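The chain contents come next:
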Amino acid sequence: MIHLDDPLRLRTLRDQAHQVAMNMLRPVSRKYDRAEHEYPKELDMLAAMIDGLSESGAGEGAGASGVRRDEQLEALSGVKNGANLASVMSIAEMCWGDVGLLLSMPRQGLGNSAIASVADDEQLARFKDTWAAMAITEPGVGSDSANIQTTAVLDPATDCYVINGEKIFVTAGERADSVVVWATLDRSLGRAAIKSFVVEKGTPGMKVERLEHKLGIRASDTATITFTDCRVPKENLLGTAEVDPKQGFAGAMATFDNTRPLVAAMAVGVARASLDLTRDLLAQAGVEVDHDRPAQVQHAAAATFLQLEADWEGARLLTLQAAWEADNRKPNSLEASMAKAKAGRVGSEITLRCVELASTLGYSETELLEKWARDSKILDIFEGTQQIQQLIVARRLLGLSSAELK
Ligand SMILES: Cc1cc2nc3c(=O)[nH]c(=O)nc-3n(C[C@H](O)[C@H](O)[C@H](O)COP(=O)(O)OP(=O)(O)OC[C@H]3O[C@@H](n4cnc5c(N)ncnc54)[C@H](O)[C@@H]3O)c2cc1C
């Protein structure tokens, strides 16, 4: 039997995240949209609360760092609703509050997911308290991440990697304690030589050059960072230093299987916020949305709303599926990209259509609808654009390699 309700065991976490979003993020949402680049100090208290929950065990998977795959699972019988599902559910709720603020939460960066995905146990323990940003994009490298130009060369005399290159559009790049930097060990060895390195803030040779002014998620800082002869201990290379051409790009790409469902969850959350407010505004205008009657016999605005909700539900279910598969140690690259493609696209469409449905109220700063329409667009761009997700889905379904389908 198909049972589409949220798992019982995760409902408390979901409800707590919703309360935090409503009482702590929403009240300062507009403030930090206007005060771009100002640090949202209210988040420090929230981060301390989440740390407390994690230490007590009550906050399993409460954020982006909860995406590690459970090696013990094979010993267990049946299915598991674990940290990945908990993460996407809590992140969606937090983004119902504010996406930019969620992206600014200490210790919940996309770099933390990268560490959780690729690090060995020793590294995981060492970097447990860090807040990590993720730096892949370069001035000449975006979607084509296999073309990374930043280099990391081992200096055997000091057992350090020496990193040189420039990273752009690094979310939380200025505020985070460390940055997970993608760099190549040897450009001549192609994509298999790309590895990720944890570079701690303040390491000589690492410099934040500037912050970007943006359309949306203005509460989140987005930095350009240069690395000039920047030395990191060789133990900061995440996972194995071995370059295995057969393995190709798989090690680094494994990160995306975990982070794409999280970004999809962000889109689900902000779209839900728009739908909830729009439904209330429509009701105030005398338009009730009735789920028990066919759309075509209802007010045009209600019919549009029902269609948007159906799109939203599809995105939500794909997101939950991708996370659930990660929890159950099933390969989920296809589902992660499907979720990201669907949620990224409908997230943008829904938030913009909600602006339209609420018209003057939607477009003005009286309500947050216009902000959510701006905030949601990035979720269809970073961690792989809409077009790139569709390409990955097509490759997976057709059994074609990246060389065969570009
Ligand atoms: C606010 C913000 C925050 C960001 N945060 C981070 C971060 O924390 N870390 C990080 O590393 N990066 C980050 N990025 C960068 C983001 O991941 C890239 O912008 C994204 O991957 C796209 O790369 P690009 O901008 O170079 O576009 P390009 O790769 O140049 O693509 C341009 C357009 O062409 C399309 N396209 C490209 N290749 C194909 C193809 N083969 N088939 C069809 N269409 C194609 C793309 O979909 C896109 O529409 C951020 C960007 C922004 C705007």
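Residues numbered from 1 in each chain as written. Predicted model: local features only at pLDDT ≥ 70, side-chain atom pairs only at ≥ 80, totals over all residues. Heavy atoms only, no water.

**With respect to the overall build of the protein**
Part 1 of the argument: Helix and strand counts for the protein come out as eleven helices and seven strands.
Part 2 of the argument: Over its C-alpha atoms, taken along the principal directions, the protein stretches across nearly 75 × 50 × 45 Å.
Part 3 of the argument: The buried share of the protein, taken over its 406 residues, is 54%.
Part 4 of the argument: Counting contacts in the protein only where the partners sit at least 6 residues apart, residues at least 24 apart contribute 74% of the total.
Part 5 of the argument: Charge-centre separation for the protein: the mean point of 44 positive side chains lies 2 Å from the mean point of 57 negative side chains. (Helix = DSSP H or I, 4+ residues; strand = E, 2+ residues; numbered from the N terminus. Buried < 20%, exposed > 50% of the residue type's maximum accessible area, 1.4 Å probe, protein only. Contact = heavy atoms within 4.5 Å. Lys, Arg positive; Asp, Glu negative; His and termini not counted. Charge placed at Lys NZ, Arg CZ, Asp CG, Glu CD.)

**Describing the site of the ligand**
Part 1 of the argument: Close contacts around the ligand come from 20 residues, with Thr137, Ser143, Phe169, Thr385 and Gln387 the closest.
Part 2 of the argument: Between the ligand and Met134 there is a distance of 2.7 Å, counted from a nitrogen atom to a backbone nitrogen or oxygen.
Part 3 of the argument: Note that an oxygen atom of the ligand is positioned 2.6 Å from one of the side-chain N or O atoms of Thr385.
Part 4 of the argument: Expressed as a share of its isolated accessible area of 980 Å², the protein-covered part of the ligand is 64%.
Part 5 of the argument: Of the residues contributing to the shell around the ligand, the split by class is eleven nonpolar, six polar and three charged. (Near = heavy atom within 4 Å. Polar contact = N/O pair within 3.5 Å; in protein donor to acceptor, adjacent residues only side chain to side chain. Areas by Shrake-Rupley, 256 points an atom, 1.4 Å probe, with all protein chains shown as cover. Nonpolar A, V, L, I, M, F, W, Y, C, P; charged D, E, K, R; others polar.)

**Digging into the environment of Asp33**
Part 1 of the argument: Tracing the chain through its elements places Asp33 in helix H1 (residues 11–34).
Part 2 of the argument: By relative accessible area, Asp33 is classed as buried at 5%.
Part 3 of the argument: With 52 residues separating them along the chain, Asp33 and Leu85 place their C-alpha atoms 29 Å apart.
Part 4 of the argument: Setting aside residues no more than four positions away along its own chain, Asp33 makes contact with Arg218, Lys371 and Arg374.
Part 5 of the argument: Polar contacts involving the side chain of Asp33 include one to the side chain of Arg374, which spans 2.8 Å.

**Considerations on a nonpolar patch on the surface**
Part 1 of the argument: On the surface, a cluster of nonpolar side chains totalling about 290 Å² of accessible area is made up of Leu397, Leu398 and Leu400.
Part 2 of the argument: Tracing the backbone shows Leu398 in helix H11 (residues 386–398). (Patch = residues over 30% accessible without salt bridge, like charges linked within 9 Å, V, L, I, M, F, W, Y side chains within 5 Å. Salt bridge = Lys/Arg side-chain N within 4 Å of Asp/Glu carboxyl O.)

**Let's talk about the pattern of salt bridges**
Part 1 of the argument: If you walk through the whole model with that rule in mind, you get 31 salt bridges.
Part 2 of the argument: Asp33 is the partner of Arg30 in a salt bridge, and the nearest nitrogen-oxygen pair spans 3.3 Å. A residue pair is termed a helical-turn pair when its members lie 3 or 4 positions apart in one helix, as Arg30 and Asp33 do in helix H1 at three residues.
Part 3 of the argument: On the basis of relative accessibility, which here comes to 12%, the residue Arg30 falls in the buried class.
Part 4 of the argument: Across the pair Arg279 and Asp276 runs a salt bridge whose closest N-O atoms are separated by 3.6 Å. Separated by three residues within a single helix, Arg279 and Asp276 lie in helix H7 (residues 250–284), roughly one turn from each other.
Part 5 of the argument: A residue is classified by how much of its surface remains accessible, and Asp276, at 17% relative accessible area, is buried.

**Details of the packing of aromatic side chains**
Part 1 of the argument: The full count for this structure, using the stated rule, is two aromatic pairs.
Part 2 of the argument: Considering the side-chain rings of Tyr161 and Phe197, the 5.0 Å spacing of their centres and the 65 degrees angle between planes classify their relative orientation as edge-to-face. You can see Tyr161 sitting in strand E3 (residues 160–171) and its partner Phe197 sitting in strand E5 (residues 194–200), a full 36 residues away along the chain.
Part 3 of the argument: With a relative accessible area of 6%, Tyr161 lands in the buried category.
Part 4 of the argument: Ring centres of Trp182 and Phe256 lie 5.6 Å apart, and the angle between their planes is 45 degrees; on these two criteria the pair is classed as tilted. Note that Trp182 is positioned in strand E4 (residues 178–184) and Phe256 in helix H7, a separation of 74 residues in sequence. Phe256 shares its class with Trp182; the two are buried.
Part 5 of the argument: Here Arg26 stacks its cationic end above the ring of Trp96, 3.8 Å away from the centre of that ring.
Part 6 of the argument: One cation-aromatic arrangement involves Arg272 over Trp312; the distance from NZ or CZ to the ring centre is 4.6 Å. (Phe/Tyr/Trp six-rings, centres within 6.5 Å; stacked < 30°, edge-to-face > 60°. Lys NZ or Arg CZ within 6 Å of the ring centre and 35° of its normal.)

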